[in-house]
Amino acid sequence: MKPASGQTPALVLLEKEGVAYTLHSHEYDPDASRKGLQAAESLGVPPERVFKTLLLWVDKDRPACAVIRSDHKLNLKAAAATLGGKSAAMMAPPDAERLTAYKTGGISPFGQKKRVPVLLDKHALEQERIFVNAGRRGLQCEIDPRAAASHFGWTVGAVAE
């Protein structure tokens, strides 16, 4: 489904690449302590189907992106090891915004300004379709996680706890 106006870089990329998705809008609460869980509640779907996009530094100088369930935490050690690194740390929001050209709360794994390795937590493969941010706060795209990982060359691994 194509939005009538205001296409984000994520949606432009999905359209260009011919990756099927369904677009969903939801009420975004800027004060929610856990945006992914708030999105799941607003969309009326179980939290295990809504995935959050996190940016991290591997070995202090290599940016990467992790896509994990909204009700899980990123295992930094596992993420680093999966990417062949020794350590990982969460990226500060201003750095994540600069790197992706998205605002926090609206960062999508698709169409980021700078292409970086993407890790998809293995729990995504338990779902037929998952929700990920579509590049704007309050906008989610529902996709087949296997198709996205295969098409975009994402690494699937056990990176969440």
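Bear in mind that the values here come from a model prediction, so they are computed numbers and not experimental data.

Caption draft 1: Quick peek at helix H2 (residues 35-43). Every buried residue belonging to H2 is among Gly-36, Gln-38, Ala-39, Ala-40 and Leu-43, and all of these are buried. Of the residues flanking the end of H2, it is Gly-44, one or two places downstream, whose phi is positive at about 75 degrees.

Caption draft 2: Representation of the UniProt feature "domain: YbaK/aminoacyl-tRNA synthetase-associated" (unreviewed entry) in the chain in the model. In this structure's numbering, the residues bearing the UniProt feature "domain: YbaK/aminoacyl-tRNA synthetase-associated" (unreviewed entry) are residues 38-146. Along residues 38-146 one finds 21% helix and 32% strand; the C-alpha atoms at either end are 25 Å apart.

Caption draft 3: Expanded view of the sheet that holds strand S6 (residues 130-136). Read from one edge of the open sheet, three strands run S1-S7-S6, paired in antiparallel fashion. Because the sheet does not close on itself, it has two edges, and the strands there are strand S1 (22-25) and S6. Averaged over all pairs of adjacent strands, the angle between their axes in this sheet comes to 35 degrees, without regard to strand direction.

Caption draft 4: The side chain of His-72, seen in detail. Here His-72 lies in the loop between strand S3 (62-69) and helix H3 (76-82). Residue His-72 is classed as buried on the basis of its relative accessible area, which comes to 14%. With residues up to four places along the chain from it excluded, the contact list for His-72 reads Arg-34, Lys-52, His-123, Ala-160 and Glu-161.

Caption draft 5: Representation of the packing of aromatic side chains. Counted according to the given criterion, the structure contains three aromatic pairs. Each ring, one from Phe-110 and one from Trp-154, has its centre 5.3 Å from the other, and the planes form 25 degrees; the classification is stacked. Note that Phe-110 is positioned in the loop between helix H4 (93-100) and strand S5 (118-121) and Trp-154 in the loop between helix H5 (145-152) and strand S8 (155-157), a separation of 44 residues in sequence. An aromatic cluster is present here, built from Phe-110, Phe-152 and Trp-154 joined pairwise through their rings.

Caption draft 6: Structural detail: the sheet that holds strand S2 (residues 51-58). Strand order in the open sheet made by the five strands is S4-S2-S3-S5-S8, with mixed pairing throughout. Two strands in the sheet have a free side with no partner beyond their single neighbour: strand S4 (88-90) and S8. Adjacent strand axes in the sheet meet at a mean angle of 35 degrees, parallel and antiparallel pairs treated alike. Where S2 lies against S3, eight bridges are found, and the strand directions are antiparallel. In the sheet register, Leu-56 faces S3, and the bridge partner there is Ala-64.

Caption draft 7: Spatial organisation of the pairing of S2. Taken across its eight residues, S2 has six buried, putting it largely inside the fold. Pairing between S2 and S4: three bridges, direction antiparallel. Paired with Val-58 across the strands is Ala-88, a residue of S4.

Caption draft 8: Up close: the pattern of salt bridges. In this structure the tally under the stated criterion is six salt bridges. Here Asp-59 and Arg-62 are joined by a salt bridge, their closest N and O atoms 3.6 Å apart. A salt bridge links Asp-95 to Arg-98, with the shortest nitrogen-to-oxygen separation between them at 2.4 Å. Taken as a pair, Asp-95 and Arg-98 lie in helix H4 at a separation of three residues, close to a single helical turn. When its relative accessible area of 28% is taken as the criterion, Asp-95 is described as partly exposed. Residues joined in a network through salt bridges with shared partners are Arg-49, Arg-129 and Glu-142.

Thresholds, definitions, all that
Residues numbered from 1 in each chain as written. Predicted model: local features only at pLDDT ≥ 70, side-chain atom pairs only at ≥ 80, totals over all residues. Heavy atoms only, no water. Buried < 20%, exposed > 50% of the residue type's maximum accessible area, 1.4 Å probe, protein only. Helix = DSSP H or I, 4+ residues; strand = E, 2+ residues; numbered from the N terminus. UniProt positions renumbered as here; feature names shortened; annotations may be inferred. Pairing = 2+ DSSP bridges. Axes fitted to C-alpha atoms, helices over the stretch in contact; angles between N-to-C directions. Contact = heavy atoms within 4.5 Å. Phe/Tyr/Trp six-rings, centres within 6.5 Å; stacked < 30°, edge-to-face > 60°. Salt bridge = Lys/Arg side-chain N within 4 Å of Asp/Glu carboxyl O.

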